[in-house]
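Structural features, examined
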Amino acid sequence: MKIAIYYFSGCGNTELMALKAQKKMQSIGHDVLLFQNIERPFPEEIPQTDVDFFMMPVYFFGLPANVVHYITHMPIVAGRKAIFIAVDGGWSGTARRYASFLLRGRGYEVIHTAQIIMPDTFLPLKKSQIDEKARKELLNQADEQLQKTLDVLNHLPPLKKENIFLFIIAAIVYFPLLYWIRHTMGFCFVSKSTCIHCGRCAQNCPKGVIQMKEGRPHWSVGCVGCFRCVQFCPVSAIDLSWYGLGMGILGGILGWAFFGAFFVYLGPFMAGLMKWVGLFLGFYVGAFIYQKISLHLPTDKALVMSHRKRIVLSDEEKRLS
Ligand SMILES: Cc1cc2nc3c(=O)[nH]c(=O)nc-3n(C[C@H](O)[C@H](O)[C@H](O)COP(=O)(O)O)c2cc1C
Ligand code: SF4
Ligand code: SF4
C-alpha cells in the first residue's frame, strides 16, 4: 500500500509516534511518506496514496490552531481514505470529531479515528512532570495503542460513536480557549537571563511569532501554545511568567467589570455578552502591558512560573525511534 503520514508535533510526542508508525508500516512492506506540518501550505498536488494518516496532538480539548489552518487549506481530494490519530494526554475532547469533520470537508472518507496517550506536555500542569519510570510506562502503552491502530489496515472496525454530550462540553471550552490562546499566550512567555541568544526558539516556532530583538526572543500574537520554543531551547531558558498571567487575569477582571457596568443600558443579555468581550480584551491588554514592561526587566528566577526542565523526548530517544 502507498501511505502518507501528515503530522504536527510541538514537543516531540507526535513526531515520535509518526516516526514509529512509518517504521512499523515500512517493515511490513508498505511505502510510507512522512510530512511534518509546521504551518507550511500543502503542496499543490498531494501524493496519490491508498490511505493518508493524520497524526496530531490535542490542545485544549481540540486541534491546535495551525492544524486547523493546515487541513482547511489543503487541496480537495475526492474519495481518498483518511485515518486520524489524536496523540494526547488522555482526553481528546472534540479533536477526533472535529478532525473528521474538517477532513470530510476536503473530500476524505474518514475510515478510522484513534487515540494514543503520551506524556502531557501542557507546561503549567504538574501532571507534565512525570518521572522516568512513569514516562517509560506511558511510552510502552503508547506503542501498543499505535500497533492496534495500524492493525486496522488489515481489518477495519466500524467507526466508534463518541459521546455527543462530552463533545458539546469540550466544544464550549475549546473554541473560546483557542481564541484566547492565540491572542494572549505569547505574552506570558519570558526568556531568562541564562538565554545564550542562539535564536533556536524563533527558528522552531511553527507560527513565526517569535522575533529576536537585541539577542533576546520577543513573543507576539498568534501563538498556538505548542511549547515547541520551550522544548527546543538548549539551555531551558524559556518559561511562562506568573506575572504575565497575573496581569492578564487582573486585566480580565477589570474588563469584565468595566464592560458589564458600561453596557448595562443594552439590557441584560447584551450586557452579559459584553462582559465576556471585556474579559478577553482585558486579559489581552493586561498580558500585553506585562510583556512590554518585561522587556525592560532582568528576567531572572523571580519572574517565572517554574524551572522545570521539561524534555519529553531526549535527542537519543528520537534517534533510536
Ligand atoms: C497547550 C496544550 C494543551 C493541551 N491540552 C490537552 C487536552 O485538552 N487533552 C489532552 O488529553 N492533552 C492535552 N495536552 C497534552 C498533549 O496533547 C500531549 O502531551 C501530546 O502528546 C503533545 O504532543 P506533541 O509533543 O507532539 O505536541 C495539551 C498540551 C498542550 C501543550
Ligand atoms: S511561541 Fe512557542 S508555544 Fe507559541 S506557537 Fe511559537 S513555539 Fe509554540
Ligand atoms: S532558544 Fe533559548 S537560549 Fe536560544 S535564544 Fe531562545 S531563549 Fe535564548
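Residues numbered from 1 in each chain as written. Chains lettered and ligands numbered in written order. Predicted model: local features only at pLDDT ≥ 70, side-chain atom pairs only at ≥ 80, totals over all residues.

1. Some details on the overall build of the protein chain
Using the following cut-off: Helix numbering and strand numbering both begin at the N terminus, where a helix is a DSSP run of H or I of at least 4 residues and a strand a DSSP run of E of at least 2. Partly exposed residues are those falling between the two cut-offs: more than 12 but fewer than 20 other C-beta atoms within 10 Å of their own, whereas 20 or more means buried and 12 or fewer means exposed, with C-beta atoms placed from the backbone. Residues are treated as contacting if the C-beta atoms built from their backbones sit within 7 Å of each other.
Across its full length, the protein chain holds 10 helices and nine strands. Residues counted as buried form 39% of the 321 residues belonging to the protein chain. Put simply, of all contacts in the protein chain between residues at least 6 apart along the chain, 78% involve residues at least 24 apart.

2. Focus: the site of ligand 3
Put simply, the test is: Working rule for contacts: place C-beta from the backbone, and if it is within 6 Å of a molecule or strand, that residue counts as near it. Residues are grouped as follows: Ala, Val, Leu, Ile, Met, Phe, Trp, Tyr, Cys and Pro are nonpolar; Asp, Glu, Lys and Arg are charged; every other residue, Gly included, is polar.
Every one of the 13 residues lining ligand 3 counts as a neighbour, but C195, C198, R200, C201 and C233 are closest to it. Residues belonging to the shell around ligand 3 are distributed by class as follows: nine nonpolar, three polar and one charged.

3. Regarding the packing of helix α8 (residues 242-262) against helix α9 (residues 268-294)
Defined as follows: An axis is simply a line fitted to the C-alpha atoms; with a helix, the fit covers only the stretch in contact. Between two such axes, the angle follows the N-to-C directions and lies from 0 to 180 degrees. Angle categories are assigned with fixed cut-offs, so that under 35 degrees is roughly parallel, over 145 is roughly antiparallel, 65 to 115 is roughly perpendicular, and the rest are oblique. The hand of a helix crossing depends on one turn: near helix anticlockwise from the far one by less than a right angle means left-handed, and clockwise means right-handed.
Two numbers describe how α8 lies on α9: the axes approach to 6 Å, and their chain directions differ by 150°. Between α8 and α9, the interaxial angle falls into the category roughly antiparallel. Both α8 and α9 take part in a crossing whose hand is right-handed. Residues belonging to the contact of α8 with α9 are distributed by class as follows: 19 nonpolar, 10 polar and one charged.

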